Amino acid sequence: MKNRQAHGHEALYQTQLSDAADRLEQIRSVVERSNTDSRLDLERALDVARGLRNRGLARIEAARHASDDTQSFARTQANQTINELLHAIKELEQRLSHTVA
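Residues numbered from 1 in each chain as written. Predicted model: local features only at pLDDT ≥ 70, side-chain atom pairs only at ≥ 80, totals over all residues. Heavy atoms only, no water.

The subject of this paragraph is the overall build of the protein chain. Tallying secondary structure elements over the protein chain gives 3 helices and 0 strands in all. The order of α-helices and β-strands along the protein chain, N terminus first, is α-α-α. In terms of overall dimensions, the protein chain has C-alpha extents of about 50 × 15 × 15 Å along its principal axes. Looking at the protein chain residue by residue over its 101 residues, the buried ones come to 27%. Split by element, the accessible area of the protein chain, about 6600 Å² in all, is 49% carbon and sulfur. (Helix = DSSP H or I, 4+ residues; strand = E, 2+ residues; numbered from the N terminus. Buried < 20%, exposed > 50% of the residue type's maximum accessible area, 1.4 Å probe, protein only. Areas by Shrake-Rupley, 256 points an atom, 1.4 Å probe, with all protein chains shown as cover.)

This is the structure:
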């Protein structure tokens, strides 16, 4: 049961990270085409979000290799990082909608 549950969490995380990567690519495209004064700030925020994605990948890998005793903690860390990533992406998308509009 634990193994099936772990695979379920991993599949959910991978789906979320894949969606996040697609959204980051769309944001990157918009930022590159923008000629606003805030472009540098947007690029920095995009880099932070990419870093969170990479950290999320690492945390998922750590959860995959975690022992039964530390599995819950490792999944919690992965979940927290993915939530931070999704929040950062949402903020970027909101900033872009105000900048482009």
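A separate point is the nonpolar core. In this structure, Leu-24, Ile-27, Ala-49, Ile-60, Leu-85, Ile-89 and Leu-92 are the most contacted members of the largest nonpolar core, which totals 18 residues. Breaking this core down by element, the ones donating at least two residues are helix H1 (2–33), helix H2 (39–65) and helix H3 (71–100). Looking at this core element by element, the count peaks at 7 residues for H3. If we ignore the near neighbours within four places in the chain, the residues touching Ile-27 are Leu-46, Ile-89, Leu-92, Glu-93 and Leu-96. (Core = buried A, V, L, I, M, F, W, Y, C linked by side-chain atoms within 4.5 Å. Contact = heavy atoms within 4.5 Å.)

We now examine the pattern of salt bridges. Counted according to the given criterion, the structure contains 7 salt bridges. Here Glu-32 ties to Arg-28 by a salt bridge, and the two come within 2.5 Å at their closest N and O atoms. Here Glu-32 and its partner Arg-28 are both found in helix H1, 4 residues apart, which amounts to about one turn of the helix. For Glu-32, a relative accessible area of 45% corresponds to the partly exposed category. The network of salt bridges with common partners includes Glu-25, Arg-28 and Glu-32. (Salt bridge = Lys/Arg side-chain N within 4 Å of Asp/Glu carboxyl O.)

Considering the arrangement of structural elements, one finds Gln-71 in helix H3. According to the relative accessible area criterion, Gln-71 is buried, its value standing at 13%. Among the polar contacts listed, one links the side chain of Gln-71 to the backbone oxygen of Ala-63, at a separation of 2.9 Å. (Polar contact = N/O pair within 3.5 Å; in protein donor to acceptor, adjacent residues only side chain to side chain.)

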